[in-house]
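Structure assessment
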Amino acid sequence: MEIIHAASEDPKIYNQNVLVLPVAEDITATTLDDILPIRDYAVRFYKHFHDDFDFLIFVSNLYWFNRSPDWKIGYGGIYYGVSNDVRGIGESLFSDTRRWGSKGALQGVIHVALAGGLYPTVAHEIMHRWGNSIVPTVDPAHWGFSSANGVIGGFDIADLVDHGGGRHTVGEFGSVAHGNPTRPYSPIELYIAGLIPPEEVPDLWVAEDGEWLDEHTDDGHRLFTASKVRTYTIEDIIAMNGVRVPNHTLSQKEFRAAVILLIDENHPLYKWQLDRLSDAFESFSHPGPSAFYAYSYDTYNFWEATGGRATITIDGLSRSLK
């Protein structure tokens, strides 16, 4: 079985949608205290490629990243905000593109693990381009204990049960990512991404101080407690953050990303893994229903997650070579 080693420092394009980038660092160095120099890799990328990309997606040949030795959970991906030119989403306007090697086009950089739920992880990290900064929650940049019901957290308001005394259950639920990752972007996420008008966004129930309890109902649902609960209408959200500019009729609908696979001497890659990764991103970026289900959770590609409202191109790398 063919193995791809990090024998050269020269990056190589594979199947026009993956750039294999050998690095000197150990790619397992992904804790918060010992993280890979992703920005340096981005600068290195732009030495070979033109500034044609909205997102760079770095992929390490690992199943899961460890956050730090004293954290008992890991993570599947991380988002680095590079620039923002959108008003009304709770973020200030800024551009840090030159530090990342871009001349202005780059919006964000993503780092994910190769294995696991690739589709939901990448879709989750892309959504961090826009949220959440519009309502206060206990989980920064996520929906927390709210009815956002999206890929970066929240639950379906129909599942909310008030047990009295500030105690609630909501069935299957995650405050930073939904318990069931096979889902499209929710209305509030589509709004902040500039893909639907404000009148299509339902009210948002938010427990601003939500906290899990070590209690479960008879049917196995875990209880959480909250004393500071508020329901935000879209009018409330606009009053707090301003109108989204550009609005859904003028916002960007077509995006382009480059996938960069990181390998080192101690973590060679089997060719079948590279084929699988290439096929996965080909389907993730397909402007129609996904046909790739190699991972158990991979069901919604980007086009499907946006309800057909937006596309992302991940191919033609040779066309952007300097």
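Residues numbered from 1 in each chain as written. Predicted model: local features only at pLDDT ≥ 70, side-chain atom pairs only at ≥ 80, totals over all residues. Heavy atoms only, no water.

Details of the overall build of the protein chain
Stated precisely, the cut-off is as follows: The helix and strand labels rest on DSSP assignments: H or I over at least four residues marks a helix, E over at least two residues marks a strand, and numbering proceeds from the N terminus. Relative accessible area decides the class of each residue, using a 1.4 Å probe on protein chains only: under 20% of the type maximum gives buried, over 50% gives exposed, and in between gives partly exposed. In these tables, accessible area is a Shrake-Rupley quantity obtained with a 1.4 Å probe, and a residue counts as shielded only by the protein chains included in the view.
Per the secondary structure count, the protein chain includes six helices and 21 strands. Counting the 322 residues in the protein chain, one finds 52% classified as buried. Here the protein chain displays about 14700 Å² of accessible surface, and carbon together with sulfur accounts for 50% of that area.

Things to note about helix α5 (residues 271-284)
Threshold: To estimate how far a helix should reach, multiply one less than its number of residues by 1.5 Å.
Given a rise of 1.5 Å per residue, 14 residues ought to cover 20 Å, and the 20 Å separating the end C-alpha atoms of α5 matches this to within 8%. Those residues of α5 that fall on the buried side of the exposure criterion are Gln273, Leu274, Leu277, Ser278, Ala280, Phe281, Ser283 and Phe284.

Looking at unusual backbone geometry
A cis geometry characterises the amide bond from glycine 131 onward to asparagine 132, with omega recorded as 0 degrees. For asparagine 132, the position within the fold is in the loop between α2 (118-127) and β13 (161-164). Each neighbour pair has its own omega, and for valine 245 with proline 246 the value is 5 degrees, a cis peptide bond. Within the secondary structure, proline 246 is located in the loop between α4 (234-241) and β19 (254-263). Here the phi dihedral of asparagine 15 falls at roughly 55 degrees; this positive angle occurs in a residue that is not glycine. By the element assignment, asparagine 15 lies in the loop between β2 (12-14) and β3 (18-22). Positive phi values are uncommon outside glycine, yet glutamine 16 reaches one of about 70 degrees. Assignment of secondary structure puts glutamine 16 in the loop between β2 and β3. Residue classification places glutamine 16 among the partly exposed positions, given a relative accessible area of 32%.

Here's the deal with the sheet that holds strand β14 (residues 167-169)
Heads up, the rule is: Here, any two strands with at least 2 DSSP bridges between them count as paired. Helix axes are fitted to C-alpha atoms over the stretch in contact, other axes to C-alpha atoms as well, and angles between N-to-C directions run from 0 to 180 degrees.
Strand order in the open sheet formed by four strands is β13-β14-β17-β16, and the pairing between neighbours is antiparallel. Strand pairing shows two members of the sheet lacking a second neighbour, β13 and β16 (211-216), which therefore form its edges. Each adjacent strand pair in this sheet contributes to an overall mean axis angle of 35 degrees, direction not counted. Inspection of the sheet shows β16 paired to strand β17 (residues 222-225) by three bridges, in the antiparallel sense. Residue pairing in the sheet places glutamate 211 in a bridge with threonine 225 of β17.

Looking at the packing of aromatic side chains
Where we set the bar: Classification of ring pairs uses Phe, Tyr and Trp, with its six-membered ring standing for Trp, and accepts pairs whose centres are within 6.5 Å; under 30 degrees between planes counts as stacked, over 60 as edge-to-face, and the remaining range as tilted.
The full count for this structure, using the stated rule, is 20 aromatic pairs. Between phenylalanine 155 and phenylalanine 173, the ring centres sit 5.3 Å apart and the planes meet at 80 degrees, which makes this aromatic pair edge-to-face. You can see phenylalanine 155 sitting in the loop between α2 and β13 and its partner phenylalanine 173 sitting in the loop between β14 and α3 (187-192), a full 18 residues away along the chain. The pair formed by phenylalanine 155 and phenylalanine 173 is uniform in burial state, with each residue classed as buried. An aromatic cluster of at least three residues, connected via ring pairs, comprises Phe55, Tyr119, Trp130, Tyr185, Phe255, Phe281, Phe284 and Phe302.

Side note on the confidence of the model for the protein chain
The following threshold applies: As a per-residue measure, pLDDT reflects the predictor's confidence and takes values from 0 up to 100. By definition, residues are in contact when any of their heavy atoms lie within 4.5 Å.
Summarising the model, the protein chain shows a mean pLDDT of 88, and 87% of its residues fall at 70 or more. The low-confidence segment residues 67-73 (pLDDT under 50) makes ten contacts with residues lying over four places distant or belonging to another chain.

Structural notes on the environment of proline 120
With respect to the helices and strands, the residue proline 120 is situated in helix α2. For proline 120, a relative accessible area of 16% corresponds to the buried category. The sequence separation of proline 120 and alanine 177 amounts to 57 residues, and the corresponding C-alpha distance is 9.4 Å.

A closer look at the nonpolar core
Filter applied, for reference: Only buried Ala, Val, Leu, Ile, Met, Phe, Trp, Tyr and Cys residues count toward a nonpolar core, and they belong to the same one when joined by side-chain atoms within 4.5 Å.
Formed by 54 residues in total, the largest nonpolar core has its most connected members in Ile126, Phe281 and Phe284. If you tally residues by element for this core, the top one is α2, at six residues. Contacts of isoleucine 126, omitting those with residues within four sequence positions, involve Phe55, Ile110, Tyr185, Phe284, Phe302 and Ile312.

A word on the packing of α2 against α5
Put simply, the test is: Here the angle decides the label: under 35 degrees means roughly parallel, over 145 means roughly antiparallel, 65 to 115 means roughly perpendicular, and every other value means oblique. Each helix crossing is assigned a hand: it is left-handed if the near helix lies turned anticlockwise from the far helix by less than a right angle, otherwise right-handed if that turn is clockwise. Amino acid classes used here: Ala, Val, Leu, Ile, Met, Phe, Trp, Tyr, Cys and Pro are nonpolar; Asp, Glu, Lys and Arg are charged; the rest, including Gly, are polar.
As a packed pair, α2 and α5 sit with axes 11 Å apart at the nearest point and diverge in direction by 55 degrees. One way to sum up the angle between α2 and α5 is to call them oblique. Where α2 crosses over α5, the two elements pack in a sense that is right-handed. Taken together, the residues of α5 that come into contact with α2 (itself represented by Leu118, Tyr119, Val122, Ala123 and Ile126) are Leu277, Ala280, Phe281, Ser283 and Phe284. Here the residues of the contact of α2 with α5 sort into nine nonpolar, one polar and no charged.

Structural notes on the side chain of asparagine 132
Basically, it comes down to this: Identification of polar contacts relies on pairs of N or O atoms within 3.5 Å, with a donor-acceptor requirement for protein atoms, meaning one able to donate a hydrogen and the other able to accept it, and with residues adjacent in sequence counted only if both atoms are side-chain atoms.
In this structure asparagine 132 comes out as buried when scored by relative accessible area, which is 5%. Among the polar contacts made by the side chain of asparagine 132, one reaches the main-chain carbonyl oxygen of valine 135 at a distance of 3.3 Å. Among the polar contacts listed, one links the side chain of asparagine 132 to the backbone oxygen of histidine 142, at a separation of 2.9 Å. Setting aside its immediate chain neighbours within four residues, asparagine 132 contacts Thr137, Ala141, His142, Trp143 and Ile152.

A closer look at the environment of proline 184
You can see proline 184 is positioned in the loop between β14 and α3. Residue class for proline 184 comes out partly exposed when judged on its relative accessible area of 30%. Sequence-wise, proline 184 and threonine 306 are 122 residues apart; in three dimensions their C-alpha atoms are separated by 6.6 Å. If we ignore the near neighbours within four places in the chain, the residues touching proline 184 are Val151, Tyr300, Glu304 and Ala305.

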